[in-house]
Amino acid sequence: MLAFPCLSGLVLGGLSVPGAAIVTVAVAGLLAHEAALILLGTRGARLKASHGAASRRRLLSLGAVSILAVTVFAFTAATAAWIPAAITAGLTVAVGVLLLAKRTKTLSGELFVAVTFASLHGVVAGAGAIDRSIVYLPAVVWAASFALATLSVHALKCRFKGSRPGRWTVWAAPTAAGVVIAAAALVLAGSPAGDTTVLALLPKALLVGGLAVVTVHPRHLKRVGWSLVVADVLTLTILGWLYA
């Protein structure tokens, strides 16, 4: 979820110094996540006692790298990058609150994190592009793609456990996938009401629709995960083709 929006931002917006700076901040934040969990005690008191000092040093070093990268972005980014940067910054602060509340592993928390990752496309692309459609529409595509994947995985778990709480997720994923497939079909049929950008979501929608009718044991979630990655590769390829 971190790699694909950043890659599409660099591909569609072009390689730029401020874009590379934002990618650096994003990677540093990802690397700092585990250290933050250890210091917060989420990984347990024993791990905090044994790795607390090392985690603190890691957070400080990654924080320094992030501050330097943000400074580079601030002095080199075009105006087009500031609005998406502000959106991503606000979402990141909210994710930090969810992390402190230990809510990032809930369905709503995972969906919020997915949207935050998707928003990175807008910042990276905005740093190198002027066309607003290149900045915002692909970010929406990634948000929808990651949301489909998250709902699908939770639906698989819910179907296996047979739990009633969150039972709606069993129908949410295939319903959303069906809407995307129908919209893509309209575009392919030549409907003037459709937006060709929806075609980039077709690989993920077809996969999620297939997972809704196939019984998959949770022990095979790694295979499901790699299948979702392949779908994201296809989405990235289609976005490159649509906006080339």
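In case you missed it, the structure is sitting above this.
Residues numbered from 1 in each chain as written. Predicted model: local features only at pLDDT ≥ 70, side-chain atom pairs only at ≥ 80, totals over all residues. Heavy atoms only, no water.

1. Looking at the pattern of salt bridges
Taken as a whole and assessed by the stated rule, the structure comprises one salt bridge. A salt bridge links Asp 232 to Lys 204, with the nearest nitrogen and oxygen atoms 2.9 Å apart. Highlighted residues: Asp 232 in helix 9 (residues 221-242) and Lys 204 in helix 8 (residues 202-213), separated in sequence by 28 residues. Residue Lys 204 is classed as buried on the basis of its relative accessible area of 0%. (Salt bridge = Lys/Arg side-chain N within 4 Å of Asp/Glu carboxyl O. Helix = DSSP H or I, 4+ residues; strand = E, 2+ residues; numbered from the N terminus. Buried < 20%, exposed > 50% of the residue type's maximum accessible area, 1.4 Å probe, protein only.)

2. Some remarks on helix 8
With 12 residues, helix 8 ought to run about 16 Å at 1.5 Å a step, and its terminal C-alpha atoms sit 17 Å apart, in line with that. Those residues of helix 8 lying buried are Leu 202, Pro 203, Lys 204, Ala 205, Val 208 and Leu 211. Buried-residue contacts for helix 8 involve helix 6 (132-161), helix 7 (169-188) and helix 9. (Expected span 1.5 Å × (residues − 1). Contact = heavy atoms within 4.5 Å.)

3. A short note on the nonpolar core
Membership of the largest hydrophobic core comes to 47 residues, with the highest contact counts inside it found for Phe 73, Leu 120 and Trp 142. Among the elements that take part in this core, helix 5 (residues 107-126) stands out by supplying nine residues, more than any other. Not counting the four nearest positions on each side in its chain, Leu 120 is found in contact with Leu 2, Pro 5, Cys 6, Ile 22, Ala 26 and Thr 88. With six residues, the next largest nonpolar core counts Leu 156, Leu 211, Val 224 and Leu 228 among its residues. (Core = buried A, V, L, I, M, F, W, Y, C linked by side-chain atoms within 4.5 Å.)

4. Structural notes on a nonpolar patch on the surface
A cluster of nonpolar side chains, Val 17, Leu 68 and Val 72, forms an exposed patch at the surface whose accessible area comes to about 260 Å². Taking the relative accessible area as the measure of exposure, Leu 68 reaches 57% and is therefore exposed. (Patch = residues over 30% accessible without salt bridge, like charges linked within 9 Å, V, L, I, M, F, W, Y side chains within 5 Å. Areas by Shrake-Rupley, 256 points an atom, 1.4 Å probe, with all protein chains shown as cover.)

5. A short note on the side chain of Ser 119
For Ser 119, the location among the structural elements is in helix 5. Sequence-distant contacts of Ser 119, that is, excluding residues within four places in its chain, are made with Thr 88 and Leu 91.

6. Digging into the environment of Thr 71
Within the element layout of this structure, Thr 71 appears in helix 3 (residues 45-76). A relative accessible area of 35% places Thr 71 in the partly exposed class. Sequence-wise, Thr 71 and Pro 18 are 53 residues apart; in three dimensions their C-alpha atoms are separated by 9.4 Å.

7. Details of empty space enclosed by the protein
Under the criterion given, the structure shown has one cavity of 30 Å³ or more. Along the walls of the largest cavity sit Ser 152, Ala 155, Leu 156, Arg 159, Val 170, Ala 173, Pro 174, Val 208, Leu 211 and Ala 212, which together make up its complete lining. With four residues, helix 6 is the largest single contributor of residues to the lining of the largest cavity. (1 Å grid on protein atoms, 1.4 Å probe; cavity = no way out; pocket = protein on both sides within 12 Å on 5 of 7 lines; lining within 4 Å. Points joined across faces, edges and corners; volume = space filled by probe spheres on them.)

8. Notes on the side chain of Thr 116
Residue position: Thr 116 is located in helix 5. The residues contacting Thr 116, other than those within four sequence positions of it, are Leu 91, Thr 92 and Val 95.

9. Description of the packing of aromatic side chains
For any two aromatic rings, the description comes down to two numbers: the centre-to-centre distance and the angle of the planes. Throughout the structure, instances matching the rule amount to three aromatic pairs. A centroid spacing of 5.7 Å and a plane angle of 25° characterise the contact between Phe 4 and Trp 142, whose relative ring orientation is stacked. Residue Phe 4 is found in helix 1 (residues 3-13), and its partner Trp 142 is found in helix 6; the two are separated by 138 residues along the sequence. For the pair shown, Phe 4 and Trp 142 are each scored as buried. (Phe/Tyr/Trp six-rings, centres within 6.5 Å; stacked < 30°, edge-to-face > 60°.)

10. Considerations on the packing of helix 6 against helix 7
It is at 7 Å that the axes of helix 6 and helix 7 come closest, and there the two elements cross at 145°. When you trace helix 6 past helix 7, the crossing you get is left-handed. Across the interface between the two elements, Leu 148, Leu 151, Ser 152, His 154, Ala 155, Cys 158 and Arg 159 from helix 6 touch Thr 169, Val 170, Ala 172, Ala 173, Ala 176 and Ala 177 from helix 7. Residues of the contact of helix 6 with helix 7, tallied by class, amount to nine nonpolar, three polar and one charged. (Axes fitted to C-alpha atoms, helices over the stretch in contact; angles between N-to-C directions. Left-handed = near helix turned anticlockwise from the far one by under 90°. Nonpolar A, V, L, I, M, F, W, Y, C, P; charged D, E, K, R; others polar.)

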